[in-house]
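The lines below spell out each chain.
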Amino acid sequence: MKSFQFIETNGVQLRVAVDGSETGPLIVLAHGFPESWFSWRHQIPVLAEAGYRVAAPDIRGYGGSDQPADIAAYAIKEMTADMAGLVDELSPDDPAIIIGHDWGAPIAWNAALLHPDHFRAVAGMAIPHAPMGDQTILDVTKKHFIDKNLFFYLHYFQEPGRAEAEFEADTAQAIHNFYFAWSGDAPDDFFRAKPADAKMFEQVGEIPDKMGDWFPPAVEAYYVSEFERAGWSGALNRYRNFERDHAMLTSLDSQVIDQPSMFMIGSRDTAMIMFPGDLETRLKAGLSDLRSVHILEGCGHWVQQERPDETNRLLLDWLAEIA
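Visitor: For this particular structure, what's the right way to read unusual backbone geometry?
Guide: What you tend to see is this: most non-glycine residues have negative phi, and most peptide bonds are trans. In the segment running from Phe-33 into Pro-34, the intervening peptide bond is cis, with an omega of -15°. Relative to the helices and strands, Pro-34 resides in the loop between strand E3 (26–30) and helix H1 (44–49). Positive phi, close to 55°, is recorded for Asn-10, a residue that is not glycine. If you trace the backbone, Asn-10 turns up in the loop between strand E1 (3–9) and strand E2 (12–19). Given the relative accessible area of 35%, Asn-10 is considered partly exposed. Residue Asp-102 is not a glycine yet carries a positive backbone phi of 55°. As for its position among the elements, Asp-102 is in the loop between strand E5 (96–101) and helix H3 (104–114).

Visitor: Whenever I open this one, the side chain of His-31 confuses me. Can you help?
Guide: Turning to its location among the elements, His-31 is positioned in the loop between E3 and H1. Overall, the relative accessible area of 1% leaves His-31 in the buried class. Leave out the neighbours within four places in its chain, and His-31 touches Ser-36, Trp-37, Ser-39, Trp-40, Pro-57, Asp-58, Ile-59, Tyr-62, His-101, Trp-103 and Gly-104.

Visitor: How should I be thinking about helix H8 (residues 217–230) in this particular structure?
Guide: Along an α-helix, residues three or four apart share an orientation, since each turn contains 3.6 residues. In a regular helix each residue adds 1.5 Å, so 14 residues correspond to 20 Å; H8 covers 20 Å between its end C-alpha atoms and thus fits that length. On its buried side, H8 packs onto E2, helix H7 (171–181), helix H9 (233–237) and helix H13 (303–306). Positive phi appears at Gly-231, one or two residues downstream of H8, with a value of about 75°.

Visitor: I tried to follow the sheet that holds strand E6 (residues 119–125) on my own but got confused; where do I start?
Guide: Strand order across the open sheet formed by 8 strands is E1-E2-E4-E3-E5-E6-E7-E8, with mixed pairing between neighbours. Either end of the sheet is taken by a strand with one partner, and the two such strands are E1 and strand E8 (290–296). Ignoring strand direction, the axes of neighbouring strands in this sheet form an average angle of 20°. Inspection of the sheet shows E1 paired to E2 by 7 bridges, in the antiparallel sense. Bridging from a neighbouring strand, Thr-9 pairs with Val-12 of E2.

Visitor: Help me understand the nonpolar core, please; the structure alone is not making it clear to me.
Guide: Generally speaking, nonpolar side chains in soluble globular proteins are found buried as a group. Judged by nonpolar contacts, the single largest core of 109 residues is most densely connected at Phe-33, Met-83, Ile-99, Phe-157, Phe-167, Phe-178 and Met-200. Beyond its immediate chain neighbours, meaning those up to four positions away, Ile-99 contacts Ile-27, Val-28, Leu-29, Ala-30, Trp-40, Ala-108, Ala-123, Met-125, Leu-315 and Trp-318.

Conventions used here
- Residues numbered from 1 in each chain as written.
- Predicted model: local features only at pLDDT ≥ 70, side-chain atom pairs only at ≥ 80, totals over all residues.
- Heavy atoms only, no water.
- Helix = DSSP H or I, 4+ residues; strand = E, 2+ residues; numbered from the N terminus.
- Buried < 20%, exposed > 50% of the residue type's maximum accessible area, 1.4 Å probe, protein only.
- Contact = heavy atoms within 4.5 Å.
- Expected span 1.5 Å × (residues − 1).
- Pairing = 2+ DSSP bridges.
- Axes fitted to C-alpha atoms, helices over the stretch in contact; angles between N-to-C directions.
- Core = buried A, V, L, I, M, F, W, Y, C linked by side-chain atoms within 4.5 Å.

In short, the description is geometric, and any link to function would need to be established separately.
Quick look at the structure:
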């Protein structure tokens, strides 16, 4: 039976949804933006039923977890240390498996990279892992978007308070917009070229009032309540650490992850456009033990919510393989 625990880790307190046998192998589930532990609501009971102990935290800055004021507190070094601390608390004698979606994917990938003694396997959804080069993602997107006076959301998020003002003015509409715009339900031409100084949702087409069956009103209302409670700054501060993360990760001797790994993504996820080229080739550059890659046809960005049954089957197959 799922319960919430408040766990001290790496100087913060995280609210963690925990389920499954206390003696089962630990799986840590790391959510992305703008999400919460609740993003894993379809996976938690299934993984628990399969014999695992499951821990799905609100990542720092979200929901019921602490929200440090310092932007540097949201660097990948801190985020991954949070996950390692959860393992110290919940599975001190055995390394865990970590699975991440969206921003949770880089947290998962880098937790495995930076804390290999804590994590014995890693899976990511939506955002692939690849060793960083000389340029940050902000350098690359500035050249292709901002320098051409075109909007790109990563740059819009950089100035503290700017995106917060737009989203907090109507949190319910912001949540609705995000989940439709990046879902498989959005039309192909949904994103429109806008000037670099536009607001986030000035660059999208018309958003219907009703979402697909995968995102009913009660689910939407839960996310809204969590962001009305925590605000948006903690979640957005993750995006304000690109340079800091790049400097730290490129200083490592290697950015290759050696633990058994798996990746899945929706075919209609806009991340497929952001990471061009052969996906498996890209992944193998940074994952030495990549077991499988799955592209879910017609699915958008919210893989484990849009396609819960397929996601669960793929996860269980991978978990059985690495057992």
